[in-house]
Amino acid sequence: MIPELGQIALLLALAVACIQGTLPLVGAARGRADWMALARPAAQTHFVLVAVAFICLTSAFVRNDFSVVYVATNSNSALPLAYRVAGVWGGHEGSLLLWLMMLSVWMLAVAQFSRYLPQAVLARILAVMGLVSVGFLLFMLTTSNPFDRLFPVPPDGNDLNPLLQDPGMVVHPPMLYMGYVGFSVAFAFAVAALIGGNLDATWARWTRPWTTAAWAFLTVGIMLGSMWAYYVLGWGGWWFWDPVENASFMPWLAGTALIHSLAVTEKRGAFKSWTVLLAIVAFSLSLLGTFLVRSGVLSSVHAFATDPRRGLFILAFLAVVIGGSLVLYAWRAPKVGLGSRFGLLSRETLLLANNVLFVVAMLSVLLGTLYPLLLDALGMGKISVGPPYFDTVFLPLMVPVVFLLGIGPLARWKNAELPDLAKRLRWAAVAAVVVALATGWIAGRITFGATLGFLMAFWIVAAVATDLWERVRPAGAMRTSVVARLRLLPRATVGMMLAHLGVAAFAFGVSMVRTYEIERDVKMAVGDSTELAGYVFSFGGMSEVVGPNYDAVQARVDVTRNGSPVVTMRPEKRIYRVQRNPMTEAAIDPGPTRDLYVSLGEPVDEGRAWIVRVYFKPFVDWIWGGCLLMALGGALAASDRRYRAKQRQEREAGSTAGATA
């Protein structure tokens with residue numbers, strides 16, 4: 001009966017979403033306060049119903065209810081409990097329910113924490129999110145029902161894809177989807193503002209923390225996906241420009257442009273039309289990623305193979321959402337106005353250049369992702385667009401972005417002076433050049449690519465240090481200590497600095513690992529050893545390991561340095577009993593300055609020896625540490641108390657924007 005309860009909950013959620021998406025919207029247009037008041041309880045009820053459905057599906061996995069088709073396809077009685085729970089989103093139908101669950105979480109958050117908004121504005125926002133939910137509920141109930149029954153009931157399930165039987169799968173999809181779906185809030189705010197005609201600094205201030213929070217979640221989700229690829233796929237890479245990786249990276253790029261554009265709209269009232277367009281684009285790219293993953297057009301370790309009906313439904317939904325919002329934008333945007341004027345050299349100009357570069361970078365990724373699909377669809381042959389294209393087109397765009405990233409926070413609003421900026425940043429530039437060259441020399445080889453990457457990283461660090469010092473140094477008659485002034489810094493400012501330092505850490509890690517990593521494939525029998533970057537890897541033999549749902553052979557590799565033991569590494573080759581898929585389980589010894597990475601290839605010489613791949617990866621963990629710093633910076637910025645203070649003031653005084661709406 002539990003699957004039936006989940007099915008009923010989804011049907012009721014569809015009915016509630018229809019009410020949420022229509023009556024409050026009509027009420028806002030006609031001034032019906034009673035209809036507008038339905039938006040918040042509808043969003044709360046929608047959350048409860050979707051949560052019930054999600055719990056029912058999770059319960060079916062935990063109880064091994066193989067009468068449910070989706071459970072029988074993606075689980076097995078021998079599957080560990082954590083992976084049974086992760087199996088809920090391990091296939092198409094469940095991942096769609098997870099998408100819907102995250103949407104209902106964001107709707108509930110907006111309903112609970114946006115009480116300061118004018119009633120008409122909140123009604124429009126929740127109505128737009130309700131209409132998005134209607135689309136996904138219809139998609140799920142008509143083509144992708146996770147509660148479909150199976151008869152006769154099989155004795156056991158087909159098991160979860162072995163690639164997904166990893167701790168990262170427990171947290172990666174929820175974090176990624178929180179970011180994906182979080183941009184629906186920015187989209188809803190934008191569409192609501194276009195309908196109501198209240199595109200102003202107040203609207204930007206309302207939207208900014210929600211957008212920043214979604215961006216932080218998406219950053220963590222992409223980081224976890226990169227880590228999963230690094231230690232699960234066995235090839236030692238952390239990013240391969242896979243189409244599904246790109247599907248999550250494109251909304252991140254658009255979202256990064258959006259949070260910077262929102263800053264200008266809030267502070268100076270400029271870029272209003274551009275900011276709304278970016279909000280529409282960011283969510284549209286999230287929907288495009290959903291289409292790419294679930295339509296079956298991609299072949300990827302991340303993608304779910306599905307039937308064409310699903311792809312056509314998502315494509316139609318994509319056309320309605322994007323087309324409708326763009327028509328509304330074309331109708332309303334010309335009436336918005338251009339906002340405040342600013343000089344050719346100003347913080348507004350630098351942020352605009354930053355925005356343009358991010359959008360061009362996003363379009364280059366979009367072209368590289370969709371071009372092979374278009375050629376294939378038109379019958380013009382199959383091609384593969386891989387890392388060479390993206391490295392050639394994307395990376396050069398990031399150099400000016402990083403340069404502007406250092407200058408932007410120090411430039412003044414409205415008008416800045418070039419001699420003044422040059423004077424304030426001269427020592428930062430000198431320090432960045434000197435330290436970049438010194439780093440290459442210490443690493444043992446100075447190359448153009450590595451030096452450029454180091455220069456980008458240290459330029460950001462030096463520029464942030466300059467900005468911080470200018471903010472906290474004692475000036476004039478003020479005798480406040482540096483520590484006291486540090487405590488007075490707004491969270492948004494500290495978050496910005498942390499996020500920029502995260503970019504620096506990321507650039508440094510990428511430069512180190514791309515330039516100085518060492519890889520070696522060797523044939524090793526018991527007693528053989530190989531040396532790599534001063535470490536000696538000795539092959540100690542193989543042993544058999546019996547797992548809960550797999551059988552494995554495990555190697556023992558003893559690592560020493562200068563005769564002293566460092567670590568014993570145990571890479572595995574696994575065979576999962578149900579699907580009989582061979583899997584490589586790499587052994588990794590992480591460290592702040594390097595990773596040692598060992599993976600098993602195939603046996604040779606009739607099993608007496610093995611091909612072993614050994615890596616030395618300097619500073620690779622700085623890549624993910626940089627992503628964490630970016631996400632932490634975003635979280636701090638989203639929690640800035642200034643937003644809450646202004647919200648209280650608006651609630652008490654009665655917002656001017658609310659009266660206009």
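As a starting point, this report considers the structure included with it.

Criteria and thresholds
Residues numbered from 1 in each chain as written. Predicted model: local features only at pLDDT ≥ 70, side-chain atom pairs only at ≥ 80, totals over all residues. Heavy atoms only, no water. Helix = DSSP H or I, 4+ residues; strand = E, 2+ residues; numbered from the N terminus. Rg over C-alpha atoms; globule rule 2.2 N^0.38 Å. Contact = heavy atoms within 4.5 Å. Lys, Arg positive; Asp, Glu negative; His and termini not counted. Charge placed at Lys NZ, Arg CZ, Asp CG, Glu CD. Phe/Tyr/Trp six-rings, centres within 6.5 Å; stacked < 30°, edge-to-face > 60°. Buried < 20%, exposed > 50% of the residue type's maximum accessible area, 1.4 Å probe, protein only. 1 Å grid on protein atoms, 1.4 Å probe; cavity = no way out; pocket = protein on both sides within 12 Å on 5 of 7 lines; lining within 4 Å. Points joined across faces, edges and corners; volume = space filled by probe spheres on them. Nonpolar A, V, L, I, M, F, W, Y, C, P; charged D, E, K, R; others polar. Core = buried A, V, L, I, M, F, W, Y, C linked by side-chain atoms within 4.5 Å. Salt bridge = Lys/Arg side-chain N within 4 Å of Asp/Glu carboxyl O.

1. Some remarks on the overall build of the protein chain
What the protein chain contains, in helices and strands, is 21 helices and 10 strands. For a compact globule of 661 residues, the expected C-alpha radius of gyration is about 26 Å, and the protein chain comes in at 27 Å, within 12% of that figure. The principal-axis extent of the C-alpha atoms belonging to the protein chain is close to 80 × 75 × 55 Å. Nonlocal contacts in the protein chain, meaning residues at least 24 apart in sequence, comprise 73% of its contacts between residues at least 6 apart. Computing the positive centroid from 53 side-chain charges and the negative centroid from 39, the protein chain places the two 14 Å apart.

2. What to know about the packing of aromatic side chains
Within this structure, the stated rule accounts for 32 aromatic pairs. Seen from their ring centres, Tyr-230 and Trp-624 are 4.9 Å apart, and the 55 degrees between their planes marks the pair as tilted. Here the residue Tyr-230 occupies a position in helix α9 (residues 201–232), and Trp-624 occupies one in helix α19 (residues 621–638), the gap between them amounting to 394 residues. Here the two residues Tyr-230 and Trp-624 agree in accessibility, since each one is buried.

3. Let's talk about empty space enclosed by the protein
Summed over the entire model, instances satisfying the criterion amount to three cavities of 30 Å³ or more. Its volume calculated, the largest cavity comes out at about 60 Å³. If you trace the largest cavity, you find it lined by Leu-405, Gly-406, Pro-409, Leu-410, Ile-460, Ala-463, Val-464, Asp-467, Met-496, Met-497 and His-500. The element that contributes the greatest number of residues to the lining of the largest cavity is helix α16 (residues 448–472), accounting for four residues. Partitioning the lining of the largest cavity into residue classes produces eight nonpolar, two polar and one charged.

4. Some details on the nonpolar core
Among the nonpolar cores identified, the biggest contains 186 residues, and Leu-10, Trp-99, Trp-106, Ile-125, Met-129, Trp-203 and Leu-253 are the most heavily contacted of them. Aside from chain neighbours lying at most four places away, what touches Trp-106 is Met-129, Met-178, Val-181, Gly-182, Val-185, Trp-210, Ala-213, Ala-214 and Phe-217. By size, the runner-up hydrophobic cluster in this structure holds 18 residues, among which are Val-559, Leu-600, Val-612 and Val-614.

5. A short note on the pattern of salt bridges
The full count for this structure, using the stated rule, is 22 salt bridges. Arg-208 is the salt-bridge partner of Glu-266, the closest N and O atoms lying 2.7 Å from each other. Placement of Glu-266 in helix α10 (residues 243–268) and of Arg-208 in helix α9 is noted, with a sequence separation of 58 residues between them. On the accessibility criterion, Arg-208 (15% relative accessible area) is buried.

6. A closer look at the side chain of Ser-346
Structurally, Ser-346 can be placed in the loop between α12 (308–332) and α13 (347–377). Taking relative accessible area as the criterion, Ser-346 reaches 0% and is therefore assigned buried. Discounting chain neighbours no more than four positions away, the residues touching Ser-346 are Ala-411, Arg-412, Lys-414, Asn-415 and Ala-416.

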